[in-house]
Amino acid sequence: MFGFLLVSFYFCTTFTMAAIIFTTLPMMVCLFWTVMVATDICRGWRSRASCHLLLFMATATVLYWGHCAFFTRSMAIMPLADTLYLTANLLVFPLFLLYIGALTTRRADHRLQWLFTLPAIAGGTCCGIVYTLMSSSEVAEFTDLYLYRHQMKGLHGMAMQQAFIHDTSKVFFAILIIPIYIIGRQRLNSYEHLLSDTYSNLENKTLKPLSRLLLTFSVVAVASFTANAIGRHQFTSSPWLLAVPSVLFAALLFAVGYTSWQQRFSIDDIEAEEKLSDNTESMQSQTSELRQRIEMVMMDERLYLQPNLKIADIVQRLGTNRNYVYNAINRETGMSFNEYVNRMRINYAEQLMTLYPDKSITEISEMSGFSSSTSFYRNFKTFKGIGPREFRIKLKH
């Protein structure tokens, strides 16, 4: 008998602990990154993107706090927790788009994206007002039947109105996923094109990791909508049912937080350098003539060997305008600035490998102006069709 009680106590304790861990895991991840980003801002590293990231992580923390209140059946705070959960659930995906917009979109074009937050504001406001008007018996009725059983039958009065608001919010959540993903993807692609036309070195500037996270985030959002459509109450019977979605959301949010926290470069930095370039005295030159001047200064002074060469450096060297330089390279060569410079670097690396067969690939990479071996390997294969090691073997034969 004692053994049976001991085993029962063990399983109950394990059940409770597992439920607490899986329920709070996504919230703790979001809270961690909220503190990290807030600390950075307090230390003076402040930008549009960092403020948007803080807002996104703080909202996600509130979202999963409401999630925890539901699964721990905190009835005393359920009206507040459910209102905040509904609001944050509609708000978190648009805020992620706003964060992407802060990284990729000029200030004038960024404001329209706030329109995606209107469903969250309207839904949260309506939900909070109806909860205020509901009697204690209606709140208990709504909580028991709708939230924990996902039933409409038996609801009366304001409880029925509250169920309608919740169902409508789920529909809006599903509707928002597709346009937010499409717009976010377009913003990221446009940024990558602009980046390629402005810099020779894209290390620590590209947003390709965030692009992959946007796709993953969208897929998880669809899964979240499906779970809400089925009913969160389905996951209350066992903590192990919470394990997969909780770990999945926590892992995704940690990846978003880590990738975003490391991203220190944005469209604001490009705009700042554009202003410096545009202040340079403008010289009206024919495109082909200007392209020849660019080619001459690049080859004579070997500017392409500078790892962090920017189009602004060429502008200042020639005393012309950024748009003229961009057009001269893009129209005359059919390449972006990044491709134009890296092609020169690879041609120079080919000469070095021929002249100095004993030098290592890493040394050749550094001498050619590349900031990393990864970038060197990728560009060498792009322009030569084979990797540098295979090219060296071919030279020996």
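Further up the page is the structure itself.
Residues numbered from 1 in each chain as written. Predicted model: local features only at pLDDT ≥ 70, side-chain atom pairs only at ≥ 80, totals over all residues. Heavy atoms only, no water.

1. Concerning the overall build of the chain
From N to C terminus, the chain includes 17 helices and zero strands. Taken across its 397 residues, the chain has 46% of its residues classed as buried. In the chain, 74% of the contacts between residues at least 6 apart in sequence involve partners at least 24 apart. Total accessible area computed for the chain in this model is approximately 20100 Å², and 63% of it derives from carbon and sulfur atoms. (Helix = DSSP H or I, 4+ residues; strand = E, 2+ residues; numbered from the N terminus. Buried < 20%, exposed > 50% of the residue type's maximum accessible area, 1.4 Å probe, protein only. Contact = heavy atoms within 4.5 Å. Areas by Shrake-Rupley, 256 points an atom, 1.4 Å probe, with all protein chains shown as cover.)

2. Section: the packing of helix α3 (residues 78-104) against helix α6 (residues 136-147)
Relative orientation of the contacting elements α3 and α6 amounts to 50°, with a least axis distance of 11 Å. As the angle between them shows, α3 and α6 are arranged oblique. For the pair α3 and α6, the sense of crossing is left-handed. In this structure, α3 contributes M78, P79 and D82 to the contact, and α6 contributes V139, F142, T143 and L147. (Axes fitted to C-alpha atoms, helices over the stretch in contact; angles between N-to-C directions. Parallel < 35°, antiparallel > 145°, perpendicular 65-115°, else oblique. Left-handed = near helix turned anticlockwise from the far one by under 90°.)

3. Side note on the nonpolar core
Of all hydrophobic cores here, the largest spans 72 residues; its most connected members are F56, F96, F142, L147, L210 and I270. Of the residues forming this core, the biggest block, 16 residues, is contributed by α3. Core analysis: the next-biggest nonpolar cluster, separate from the first, contains 30 residues, I311, I346, Y348 and M353 among them. (Core = buried A, V, L, I, M, F, W, Y, C linked by side-chain atoms within 4.5 Å.)

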